[in-house]
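The residues making up each chain are set out below.
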Amino acid sequence: MHPLALIAELTHRCPLHCVYCSNPLELQSRSTELSTGVWSRVFLEAAQLGVLQADFTGGEPLARTDIVDLVKSARAAGLYVNLITSGLPLDEPRLDALIAAGLDHLQLSFQGAREEIAAEISGTRSHAQKLRVLAWLKSRRIAVTLNFVIHRRNIDQLPEMLAIAESSSATRIEFANVQYYGWAFANREHLLPTRTQLDASLAFIQQAQKRLEGRIRVEFVVPDYYAKYPKPCMGGWARKLMLVTPSGEALPCHAAKIIPGLSFDNVKDRSLREIWQSSEAFEKFRGQSWMQEPCKSCDRREQDFGGCRCQAFLLAGDPAATDPVCSLSPKRQTVDAILTAINSSSTDTPACAPPTSHRPDVTILHRPAARNATARQIPLALPPQSLLTAAPSTRRSHRSAHHALQIPYQRPHRLIKLLVVRLLSIRSMDRLRQRPEHVVRLPVKNRQPEHRQRVR
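Residues numbered from 1 in each chain as written. Predicted model: local features only at pLDDT ≥ 70, side-chain atom pairs only at ≥ 80, totals over all residues. Heavy atoms only, no water.

A.B. asks: Before we move on, can you summarise the nonpolar core with the specific residues and values?
C.D. replies: Proteins that are soluble and globular tend to have nonpolar side chains buried together. Within the largest apolar cluster, 115 residues are counted, with the highest numbers of intra-cluster contacts made by Phe43, Phe56, Phe175 and Tyr225. Take this core: its biggest share by element is 6 residues, from helix 1 (residues 36-49). Among residues more than four places away in sequence, those in contact with Tyr225 are Tyr180, Phe185, Arg188, Leu192, Gln311, Leu315, Val325, Arg332, Val335, Ile338 and Leu339. (Core = buried A, V, L, I, M, F, W, Y, C linked by side-chain atoms within 4.5 Å. Buried < 20%, exposed > 50% of the residue type's maximum accessible area, 1.4 Å probe, protein only. Helix = DSSP H or I, 4+ residues; strand = E, 2+ residues; numbered from the N terminus. Contact = heavy atoms within 4.5 Å.)

What follows is the structure, given as structure tokens:
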């Protein structure tokens, strides 16, 4: 058994602040990112191990200035290279350089079909740029997939999303409902769709699949919480896929670090082959010996492998338990209680309504009582302490409070942006100290207030 795909998390840097971000709650800084040379070695080792495809992701992989060189290295190793991107920052010359370097496939992510929802979810206005990227791709020879992340706030936009895809050069569309790990778990009450929405969306997708058969492949990923049986997460723990983080840690799946007690080897210290074959983390839930009942004697154990280990930990408190989304799990009542609460309290518009009939109902979102409330006065619904890989720092708390003033979701912390703001502030103070004494300084009470924009 060997991995078929390598998920290369090139960086955690990203221009977006999506409220369902699957990156860990504690992000890795730019200074710890693997160099071009180390990644090139990893790609070569992956090919020798039997890997066929490299998925470049992040964060935003385009934030790496050496992205073209990384594509060249992966192609030189004989890997099929897939870039998963938000389209920022990207222009036509850089797109051409990526294609010339050997990029085989580009997956462009969308937060919705309309600017207002996309901006609400991502924290930045990026929808127009994505449409520009789509237009550029139509004249290039490269395979294209569109990824639409679906949740309660945009599930009514499926017809518009499909129209965007049909007008593009995409041959595959993935409508993937949010899966509740990382930041999505913390914001679950705002994102999980209702049963009415889900049923309507399934009916629409089935019609679209039939109509577009043979022209565009349409896929729909149902929220785990509504499934009868769990999905075989990542094709089974350490069975088909291998993920390498920006700092070089090798993981069986992107959320594995939330499971306590696991240690992860680093590609800077061990080869991919050694890690795949003998790493403690990869061996932990491989095979069936770790399984509890009912998984241990279930006929489906070779199909779904007990479901997701990270989800089992989040919902049942035990990573070796049967995934609670399974209808056979003794913990299924936990998921049913969540769904009951969502379906009894939501007043959202049903899915697939005509475009003009839906506008975001901001009254259902949790916002501070007063716009001028200070950060210390705003109670934040932080994720459970067990989800944090480290104690939240002062900077993280400040950033979360800042975002709570803007929208009701928790957002990933972007350490690099805070550092930029701080450095600029220090430089400004140094300049003030160096100014000649004859420069007139206004009294504090007469100074105009500064209007700082969020760093993009």
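Let's pick the thread back up.
A.B. asks: So, the sheet that holds strand 3 (residues 80-85): which residues are in play, and what are the values?
C.D. replies: Strands belonging to one sheet form pairs held by backbone hydrogen bonds; the direction of such a pair is parallel or antiparallel. Spatially, the 9 strands line up as an open sheet ordered 7-6-5-4-3-2-1-8-9, and their pairing is mixed. The outermost strands of the open sheet, each flanked by one partner alone, are strand 7 (217-221) and strand 9 (250-251). Bridge count for strand 1 (residues 5-9) against strand 2 (residues 53-57) is 5 bridges, and the pairing is parallel. Each bridged residue has a counterpart across the sheet, and for Leu6 the counterpart in strand 2 is Ala54. On the sheet, helix 5 (residues 127-137) packs against strand 4 (105-110) and strand 5 (143-150) and is oriented at approximately 155° with respect to strand 4. (Pairing = 2+ DSSP bridges. Axes fitted to C-alpha atoms, helices over the stretch in contact; angles between N-to-C directions.)

A.B. asks: I'd love a proper account of the pairing of strand 6 (residues 172-177), names of residues and values included.
C.D. replies: Burial within strand 6 is extensive, with 6 of its 6 residues counted as buried. Along strand 6, one buried face is formed by Arg172, Glu174 and Ala176 and the opposite face, lined by Ile173, Phe175 and Asn177, is buried too. As paired strands, strand 5 and strand 6 are joined by 6 bridges and run parallel to one another. By the bridge assignment, Leu146 is partnered in strand 6 with Ile173.

A.B. asks: How would you summarise helix 14 (residues 332-345) if you had to cite specific residues and measurements?
C.D. replies: In an α-helix there are 3.6 residues to a turn, and that puts residues three or four apart on one side. Here helix 14 is 14 residues long and its end C-alpha atoms lie 20 Å apart, about the 20 Å a rise of 1.5 Å per residue gives. In the core, the buried residues of helix 14 are packed alongside helix 8 (188-191) and helix 13 (309-316). (Expected span 1.5 Å × (residues − 1).)

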